[in-house]
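Chain by chain, the residues:
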Amino acid sequence: MLTLLYFGPMMFGINYNYVNTTFYDGTDDSYNMTLHYTLMFNTFMIMQFCNEINCRKLGAKEFNVFSKFFNNYYFVGILASQFAIQWIFVEFGGYIFRTTPLPILMHVASYSFGIGSLLACVVIKATPEVWLEKIKFGVNEEAIYDEQMNEIKPQRKSKKANKDELERLLDD
């Protein structure tokens, strides 16, 4: 996505003033900005659809996300309708969705980035577990809790010691 955001205009010859251009003011800059943002929107949505396919198989060694793909007709129907609605939004959304029809080359680029997320899933699943053990993920909450409790316990003891000392002094 960052590639398309920063290099997309250069890759597809889209030129506009990045700072002062507004949507639908009738200028070429406005059309080019809308074209760029439509490309970003379409790519993002296609990546989301491909991620839905990726999420079908969560096992570490389940590489084929398309196995038994057509066993769930609801999933296939919903996915197909999402693709169709996305195409309608891009091609006919116009002012309502602030989109403009994309040329075929930009559609191909959007789908290529989406399919790239399918390939990224394969690369992640193919990563050896030994490499992942060397990387610390997240926060060890138990260690933080133990550290906080160790800080609190001496304070409690010192308050009790102060109370005992105060009682001893008052008795004298």
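Residues numbered from 1 in each chain as written. Predicted model: local features only at pLDDT ≥ 70, side-chain atom pairs only at ≥ 80, totals over all residues. Heavy atoms only, no water.

## Notes on the overall build of the protein chain
Point 1. Within the protein chain one finds 7 helices and 0 strands.
Point 2. Scanning the protein chain from its N terminus toward the C terminus, one meets helices and strands in the order α-α-α-α-α-α-α.
Point 3. When burial is assessed residue by residue, the protein chain has 26% of its 172 residues classed as buried.
Point 4. Residue pairs at least 24 apart in sequence account for 61% of intrachain contacts in the protein chain once pairs closer than 6 positions are excluded.
Point 5. Accessible surface for the protein chain amounts to roughly 12700 Å². Of this, 63% is attributable to carbon and sulfur atoms. (Helix = DSSP H or I, 4+ residues; strand = E, 2+ residues; numbered from the N terminus. Buried < 20%, exposed > 50% of the residue type's maximum accessible area, 1.4 Å probe, protein only. Contact = heavy atoms within 4.5 Å. Areas by Shrake-Rupley, 256 points an atom, 1.4 Å probe, with all protein chains shown as cover.)

## Remarks on the nonpolar core
Point 1. The biggest cluster of nonpolar side chains holds 12 residues, and these are Leu-4, Phe-12, Ile-14, Tyr-16, Met-33, Leu-35, Leu-39, Met-40, Val-90, Leu-102, Met-106 and Ala-109.
Point 2. Going through the elements one at a time, α1 (2-12), α2 (28-54) and α5 (104-126) are the ones with two or more residues in this core.
Point 3. Examining the composition of this core, we find that 4 residues originate from one element, α2, more than from any other.
Point 4. For Met-106, the residues in contact, after removing those within four places along its chain, are Phe-12, Ile-14, Leu-35 and Leu-39.
Point 5. Among the nonpolar cores identified, the runner-up in size contains 9 residues, and Phe-49, Cys-50, Phe-69 and Leu-118 belong to it. (Core = buried A, V, L, I, M, F, W, Y, C linked by side-chain atoms within 4.5 Å.)

## So, unusual backbone geometry
Residues apart from glycine generally show negative phi values, whereas peptide bonds are mostly found in trans.
Point 1. Phi is positive for Lys-68, close to 55°, though the residue is something other than glycine.
Point 2. The residue Lys-68 is located in the loop between α2 and α3 (73-92) in this model.
Point 3. Its identity as a non-glycine residue notwithstanding, Arg-98 has a phi of 55°, on the positive side.
Point 4. Within the secondary structure, Arg-98 is located in the loop between α4 (94-97) and α5.
Point 5. For Arg-98, a relative accessible area of 38% puts it in the partly exposed group.

## Comments concerning the confidence of the model for the protein chain
Point 1. For the protein chain, the average pLDDT comes to 85, and 88% of its residues sit at 70 or higher.
Point 2. Taken element by element, the predicted model of the protein chain shows its lowest mean pLDDT in helix α7 (residues 141-171) (66) and its highest in α3 (95). (pLDDT = per-residue confidence, 0-100.)

## Side note on the side chain of Thr-21
Point 1. Relative to the helices and strands, Thr-21 is located in the loop between α1 and α2.
Point 2. Judged by its relative accessible area of 11%, Thr-21 falls in the buried class.
Point 3. Looking at Thr-21, its side chain comes within polar contact range of the main-chain oxygen of Asn-17, at 2.5 Å. (Polar contact = N/O pair within 3.5 Å; in protein donor to acceptor, adjacent residues only side chain to side chain.)

## A word on α1
Point 1. Buried within α1 we find Leu-4, Gly-8, Pro-9 and Phe-12. An end-on view of α1 places all buried positions within 110° of arc, on one side of the element. Residues of α1 that are exposed and angled more than 90 degrees away from the buried face: Leu-2, Tyr-6 and Met-10.
Point 2. Buried residues along α1 sit in contact with α2 and α5.
Point 3. Trailing α1 by a residue or two, Gly-13 shows a phi angle of about 70°, which is positive. (Arc of directions from axis to C-beta.)

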